[in-house]
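# Summary of the model geometry
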Amino acid sequence: MLTLNNITKTYHTDKMETLALENVNLQVDKGEFISIMGPSGCGKSTLLNIIGLLDSPTSGQIKIAGNAIESYHDKHLAKLRNQKIGFIFQSFHLINDLRVIDNVELPLLYRKMSAKARRALAQEALERVGLKARTHHFPSQLSGGQQQRVAIARAIVGKPELLLADEPTGNLDSHMGGEIMDILNSLNKDEKTTIVMVTHDIDEAERTERIVRVYDGQLIN
């Protein structure tokens, strides 16, 4: 599903050069659920952004579902992100002025489909995360755990093959965090969705199939 070959990422400013990732090699099989752990500032989020095609490596090769993407233009990258990858963020990133169902539909606006088809998929995704009854609520009317469920519904509405989660329980208490992990594990087992999750929580990491550790921009055993 995902292959990274010798990925290096360097950030340049006028006065300094920062090496964020160095010679990272990683393979994630289709249907696998892995977690990425490491101290703050070690390169975890940079790695996830590169996997999600939100950032480009300075050098190295990325393959998503067998497609080497270094020759892709921005338009092709955007299409690949929209069709193959779903994103879940720590801070939910919901639009408060839109109802829950409209937030979930957003990724589908970039696909050629009818409004009726979009609505049906959004309702299906909300039912999948147990929020069928909250369709017409606004994010401000929901708890943090419910908002994260909406964010998950938005991430899976397009039926992505790869789901990327950046600290998905970081703003939640342990009970709500456990519910979110239950949903992710269910998506992985029932839908065979490949999931890559960044987390600081060792208990959550141990619920995944494999833990990848990052330290000073490198993967360590």
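Figured I'd write up the structure that's included with this text. (Residues numbered from 1 in each chain as written. Predicted model: local features only at pLDDT ≥ 70, side-chain atom pairs only at ≥ 80, totals over all residues. Heavy atoms only, no water.)

## So, the packing of aromatic side chains
The cut-off we apply is this: Pairs were defined over the aromatic rings of Phe, Tyr and Trp, the Trp ring being its six-membered one, requiring ring centres within 6.5 Å. Orientation was assigned from the angle between planes: stacked under 30 degrees, edge-to-face over 60, tilted for the rest. Summary of the burial criterion: residues with accessible area below 20% of their type's maximum are buried, those above 50% are exposed, and those between are partly exposed, where the area comes from a 1.4 Å probe applied to protein chains only.
Taken as a whole, this structure holds 1 aromatic pair when the rule is applied. Note on F87 and F89: the rings are 6.2 Å apart at their centroids and 5 degrees apart in plane angle, and the pair reads as stacked. F89 gets classed as partly exposed once you look at its relative accessible area, which sits at 27%.

## Focus: unusual backbone geometry
Rules: Runs of E in the DSSP output that reach at least two residues are strands. Runs of H or I that reach at least four are helices, and both are numbered from the N terminus.
Within the chain, A65 stands out as a residue other than glycine whose phi angle is a positive 50 degrees. Note on placement: A65 falls in the loop between β4 (59-64) and β5 (67-68). Assessed through its relative accessible area of 31%, A65 is described here as partly exposed. Phi angles above zero are rare outside glycine, and K192 is one such case at about 60 degrees.

## Details of helix α2 (residues 74-84)
Since the α-helix packs 3.6 residues into each turn, any two residues three or four apart lie on the same face. The following threshold applies: We call two residues contacting when some pair of their heavy atoms lies within 4.5 Å.
For α2, the set of buried residues is L77, L80 and N82. Those residues of α2 hidden inside the fold are in contact with β4 and β6 (85-89).

## Quick look at the layout of surface pockets
Just so we agree on the cut-off: Cavity and pocket criteria rest on a 1 Å grid covering protein atoms alone: a 1.4 Å probe that fits but cannot get out defines a cavity, protein on both sides within 12 Å along at least 5 of 7 lines defines an open pocket, and an atom within 4 Å of a point defines a lining residue. Grid points are joined across faces, edges and corners, and a volume is the space filled by probe spheres set on the points. Just so you know the grouping, Ala, Val, Leu, Ile, Met, Phe, Trp, Tyr, Cys and Pro go in nonpolar, Asp, Glu, Lys and Arg go in charged, and all remaining residues, Gly too, go in polar.
When its volume is computed, the largest pocket comes out at roughly 540 Å³. Lining the largest pocket are 21 residues, and of these R81, N82, I85, F87 and P107 lie nearest its centre. Secondary-structure elements contributing two or more residues to the lining of the largest pocket are α2, β6 and α5 (144-156). For the lining of the largest pocket, the class distribution of residues is 12 nonpolar, 6 polar and 3 charged. Estimates place the volume of the second largest pocket at around 270 Å³. Every residue lining the second largest pocket is counted, 14 residues in all, and those nearest its centre are I156, K159, L187, E191 and T193. Among the elements that line the lining of the second largest pocket, the one with the most residues is helix α4 (residues 115-128), at 4 residues.

## Considering the pairing of strand β1 (residues 2-12)
Stated precisely, the cut-off is as follows: Strand pairing is assigned whenever DSSP identifies at least 2 bridges connecting the two strands.
Looking at chain direction, β1 and strand β2 (residues 17-28) are connected through 8 bridges and run antiparallel. Across the sheet, the residue bridging to Y11 is T18, located in β2. Remark: 4 residues form the turn of the hairpin made by β1 and β2, two consecutive strands paired antiparallel. Looking at chain direction, β1 and β4 are connected through 5 bridges and run antiparallel. Paired with T8 across the bridge in β4 is S59.

## Some thoughts on the sheet that holds strand β8 (residues 194-198)
Where we set the bar: A fitted line through C-alpha atoms serves as each axis, taken over the contacting stretch for helices, and the angle formed by two N-to-C directions is quoted from 0 to 180°.
Read across the sheet, 6 strands follow the order β6-β7-β8-β3-β9-β10 without closing on themselves; strand pairing throughout is mixed. Edge positions in the sheet fall to β6 and β10 (218-220), since each has one partner strand and no second. Taken pair by pair, the neighbouring strands of this sheet meet at an average axis angle of 25 degrees, ignoring direction. For strand β3 (residues 33-37) and strand β9 (residues 210-215), the ladder comprises 4 bridges, and the chain directions are parallel.

## Notes on the pattern of salt bridges
What counts here: For this analysis, a salt bridge means a side-chain nitrogen from Lys or Arg found within 4 Å of a carboxyl oxygen belonging to Asp or Glu.
Per the stated rule, a full pass over the model turns up 13 salt bridges. Of the charged contacts, one joins D182 and R207 as a salt bridge, the two residues approaching to 2.6 Å between their closest N and O atoms. Within this pair, whereas D182 is found in helix α6 (residues 174-190), its partner R207 is found in the loop between α7 (202-205) and β9, the two being separated by 25 residues in sequence. Given a relative accessible area of 36%, R207 falls into the partly exposed group.

Function-wise, these values are silent; they only describe arrangement.
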